[in-house]
There are 4 protein chains.
Amino acid sequence: VPGEPGVGRIESVSDGVFAVAITLLALDLRVPDPLAVHGGTALLDRLGEQWPVYAAFVLSFVLIAEVWINHRRLFACLGRASHGLLWSNAFLLLSVITIPFATSLLGQYVTGHGASGRRVAAVAYGATWAFGGLAFNLTWWQARHHSLLRADLPADTVLRLTHRWVLGPIFYTVSAVVALIAPWVSLLGLAVLGVLFVLPPPGPPPR
Amino acid sequence: VPGEPGVGRIESVSDGVFAVAITLLALDLRVPDPLAVHGGTALLDRLGEQWPVYAAFVLSFVLIAEVWINHRRLFACLGRASHGLLWSNAFLLLSVITIPFATSLLGQYVTGHGASGRRVAAVAYGATWAFGGLAFNLTWWQARHHSLLRADLPADTVLRLTHRWVLGPIFYTVSAVVALIAPWVSLLGLAVLGVLFVLPPPGPPPR
Amino acid sequence: VPGEPGVGRIESVSDGVFAVAITLLALDLRVPDPLAVHGGTALLDRLGEQWPVYAAFVLSFVLIAEVWINHRRLFACLGRASHGLLWSNAFLLLSVITIPFATSLLGQYVTGHGASGRRVAAVAYGATWAFGGLAFNLTWWQARHHSLLRADLPADTVLRLTHRWVLGPIFYTVSAVVALIAPWVSLLGLAVLGVLFVLPPPGPPPR
Amino acid sequence: VPGEPGVGRIESVSDGVFAVAITLLALDLRVPDPLAVHGGTALLDRLGEQWPVYAAFVLSFVLIAEVWINHRRLFACLGRASHGLLWSNAFLLLSVITIPFATSLLGQYVTGHGASGRRVAAVAYGATWAFGGLAFNLTWWQARHHSLLRADLPADTVLRLTHRWVLGPIFYTVSAVVALIAPWVSLLGLAVLGVLFVLPPPGPPPR
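Reading the values: the criteria
- Residues numbered from 1 in each chain as written.
- Chains lettered and ligands numbered in written order.
- Predicted model: local features only at pLDDT ≥ 70, side-chain atom pairs only at ≥ 80, totals over all residues.
- Heavy atoms only, no water.
- Contact = heavy atoms within 4.5 Å.
- Buried area = accessible area lost by both parts, 1.4 Å probe.
- Salt bridge = Lys/Arg side-chain N within 4 Å of Asp/Glu carboxyl O.
- Polar contact = N/O pair within 3.5 Å; in protein donor to acceptor, adjacent residues only side chain to side chain.
- Helix = DSSP H or I, 4+ residues; strand = E, 2+ residues; numbered from the N terminus.
- Nonpolar A, V, L, I, M, F, W, Y, C, P; charged D, E, K, R; others polar.
- Least-squares fit on C-alpha atoms with pLDDT ≥ 70 in both.
- Phe/Tyr/Trp six-rings, centres within 6.5 Å; stacked < 30°, edge-to-face > 60°.
- Buried < 20%, exposed > 50% of the residue type's maximum accessible area, 1.4 Å probe, protein only.
- Axes fitted to C-alpha atoms, helices over the stretch in contact; angles between N-to-C directions.
- Parallel < 35°, antiparallel > 145°, perpendicular 65-115°, else oblique.
- Left-handed = near helix turned anticlockwise from the far one by under 90°.

1. Comments concerning the interface of chain A and chain D
- Counting residues at the interface gives 49 residues for chain A, matched by 36 residues for chain D.
- Carbon and sulfur atoms make up 71% of the area that chain A and chain D hide from each other, which totals about 3600 Å².
- Our enumeration of links across chain A and chain D arrives at two salt bridges.
- Across the pair A:R73 and D:E4 runs a salt bridge, and its minimum N-O distance is 3.1 Å.
- Linking chain A with chain D are 11 residue pairs in polar contact (both at pLDDT 80 or more), by the criterion used here.
- Mapped by element, the contributors of at least two residues to the side of chain A that touches chain D are helix 1 (8–24), helix 2 (42–49), helix 3 (51–76) and helix 8 (183–198) of chain A.
- When grouped by side-chain class, the residues that make up the side of chain A that touches chain D number 33 nonpolar, six polar and 10 charged.

As structure tokens, then:
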């Protein structure tokens, strides 16, 4: 239809948001104030004290990268967009731009503020991801039920992706709930998930 | 014409500006200073106190997303650009990059500073959107009157879009004027508008 | 040649840099500290005091937008890139990302710090643009002399663009030198230039 | 294969990350606090004191630009992507977004904090680049060994690029190790490398 835009610009603005959000994560890496660092190995010590910030930075980087990898796959399946898909994708991006804040909270409160601060930070972190996972699946749901998929897409590909992607919000919701009781267990679970994302998938030679 | 650029890069740089502006909104979400948070539920309390900041963040996110959705639609109607269209689009982007500032003002002054601070913040917020709405309609006006539209665009599509888009600056100007007298009414109006944007449009099944 | 990249990604990364730089300009718009604003029209007064910052923000926005408009035109003339063109374009981007800093300097030192602060700020501002103008013309020079232009580009288009673009660094260098003696005159000249950029070009109906 | 995404979006999100990271470098250029600058040439003196920050800014700009130039070349050789390539490219981007932090550390600790601060900063800077160089070569390695290259790519192009690119991580690792003993020598080596990148390559007329 003339004047009906395609999905190209949704990919383009989403790539922009992913790129900015992933780069803003690094603003949490703070240079210790030169006026407060004196002598010997002081700078190294100060940097070392920030290890929870570095860990949260790398964890969020890996999880956002995985969301982007799936986003790229999802949009390669689309033939066109709809009002609902535009907005569910927007809410996915809303969760992505909130991740640097949730990461910052995690990096600063996971240690040194007792169980209470750690619990709040870990629950907020898991909940932000759960929200993103829901928005992602809502986007996919609309693609499937409102005839937005490419016509040549094999039915078993759709099924396989649906089964894989539905695990995301389940896992993240569980992780947010577990964080209420045992924040460290929740974070460990997310870290293991991150490692699994990076490891080569099992099965036949790389596609 | 060889050497005459198309509209692709206008879309590309605009997508970049939208993506950065929308992500910078999240810089207003501030992690409470760990040195000033002590004991029990202190962190949760501190985060809770920031509710106007969160509300302003979500409101601006939804309104910017809607501008982008309309921008994508407008540019899908264009066959080429002109000097005037480049600049009216630039002024639209000027309003978009000013929104994080206006949002920040709103989030910090809508409560706790009496009617005076709230009024200034709400008027500035509405006025920034009114400026953006004017720039958007000026862009569309130039497209229609300087023969920049695609040749195959149906006349009734053009008319329908013109009627829909002209409402924007009217609504935002009214909201800025109302804010002079009743800031909360103005903000409530914008919030209702945001919800209407997200809800599925009435009529036949989703396009 | 297989494996030889085209100019698409140079446009894409440049658009990204322009978009981020133009949006970062807005970080200079600062919300007055709520703890230091009391009573009546205090917020309005505080915002009003920042007028040099707003003026510098709008000036830089218009000038960067004009650079982008010319960048888009230049790259529409290119058929391929070269080592030299990649780097002269990179130095153009270096000046673009330095503009938010030069703008900030201008906005904060153009008033209230006597002739000395104003002079330094205005010279730095003009010099940054002069550097950018040189890099832009160097890019164009390489395109013309290293056979990077599209084969179908009319010779008179090339000549016309060359004559127009060479004025940029001349004007900006003059403005930096004038700023040594009369900063306000230099800034007024840049403001007039900005207005001329936005006004419709003389001659036949808009292209 | 329907639903299998191409390499376009990897280029697009990478361009976004490069653009944001390169622009964030400029956030290190700080405007001296107007309240602390008094009289005569005070502003100029304050700006002059920041020379290590400016030098680190330009050095990182040139090195990131070179990584981007090579990234553009590498992706022009690709026909498709794989799980492993997506992640090695992600780790390259991880190093790119960490460069502004490493640059900041360098600019603030290379002078005025004795040999100890300088050593930590220079080692961290070299190590960040070494990590990036490894990720870049891992990306290329996967492209070559998992049949991701374009079918029409000449074998000697592949060989030539492999030999050139393998030098990167070697050079950066040496620079990080040298920084342990002689930070200035390490930084001088990086600066010379930067100049070599910008100079026209030897041999026949520019491609």
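Structure shown, so let's carry the discussion forward.
2. Focus: the interface of chain B and chain A
- Listed by partner, the interface residues are 49 residues for chain B and 36 residues for chain A.
- Taking both sides of the interface into account, the surface hidden between chain B and chain A amounts to around 3600 Å²; carbon and sulfur atoms contribute 71%.
- Where chain B packs against chain A, one counts three salt bridges.
- One salt bridge in this structure joins A:R9 and B:E11, with 4.0 Å as the shortest N-O distance.
- The interface formed by chain B and chain A contains 11 residue pairs in polar contact (both at pLDDT 80 or more).
- Contributions of two or more residues to the side of chain B that touches chain A are made by helix 1 (8–24), helix 2 (42–49), helix 3 (51–76) and helix 8 (183–198) of chain B.

3. Focus: the relation of the copies chain A and chain D
- It takes a turn of 90 degrees to lay chain A on chain D, together with a shift of 0.0 Å along the axis; the resulting RMSD is 0.0 Å. Given the turn and translation reported, the copies of this chain are related as if by a four-fold rotation axis. The C-alpha atom lying nearest the rotation axis in chain A is that of A:G16; the distance is 4.1 Å.
- An overlap of only 4% is found between the interface residues of chain A and their copies at the interface of chain D, pointing to separate contact surfaces.

4. Describing the packing of aromatic side chains
Residues and elements named next belong to chain A.
- Counting across every chain of the model gives 24 aromatic pairs over all chains.
- Seen from their ring centres, W129 and Y172 are 5.7 Å apart, and the 25 degrees between their planes marks the pair as stacked. Of this pair, W129 sits in helix 5 (residues 114–145) while Y172 sits in helix 7 (residues 167–181), and the two are 43 residues apart along the sequence. We note that W129, like Y172, is buried.
- A ring pair is formed by W140 and W165, whose centres lie 5.0 Å apart and whose planes are at 85 degrees; its orientation type is edge-to-face. With W140 in helix 5 and W165 in helix 6 (residues 155–165), this pair connects stretches of sequence that are 25 residues apart.

5. A closer look at the pattern of salt bridges
- Under the defined criterion, the tally for this structure stands at 14 salt bridges over all chains.
- Bridged by salt links that share partners, the residues A:R9, B:E11 and B:D15 form one connected network.

6. So, the relation of the copies chain B and chain A
- Note on the copies: chain B fits chain A at an RMSD of 0.0 Å, the axial shift is 0.0 Å, and the rotation between them is 90 degrees.
- Here only 4% of the contact residues of chain B are again contact residues in chain A; the copies associate through non-equivalent surfaces.

7. Observations regarding the packing of helix 3 of chain B against helix 6 (residues 155–165) of chain B
Residue and element names in this part refer to chain B.
- Axis separation between helix 3 and helix 6 bottoms out at 12 Å; the angle between their running directions is 150 degrees. Viewed along their axes, helix 3 and helix 6 adopt a mutual orientation that is roughly antiparallel. The interaxial crossing formed by helix 3 with helix 6 has left-handed handedness. On helix 6, the residues touching N70, R73 and L74 of helix 3 are R160, L161, R164 and W165.
- Taken together, the residues that form the contact of helix 3 with helix 6 break down as three nonpolar, one polar and three charged.

By themselves, these are just geometric observations and shouldn't be taken as functional.
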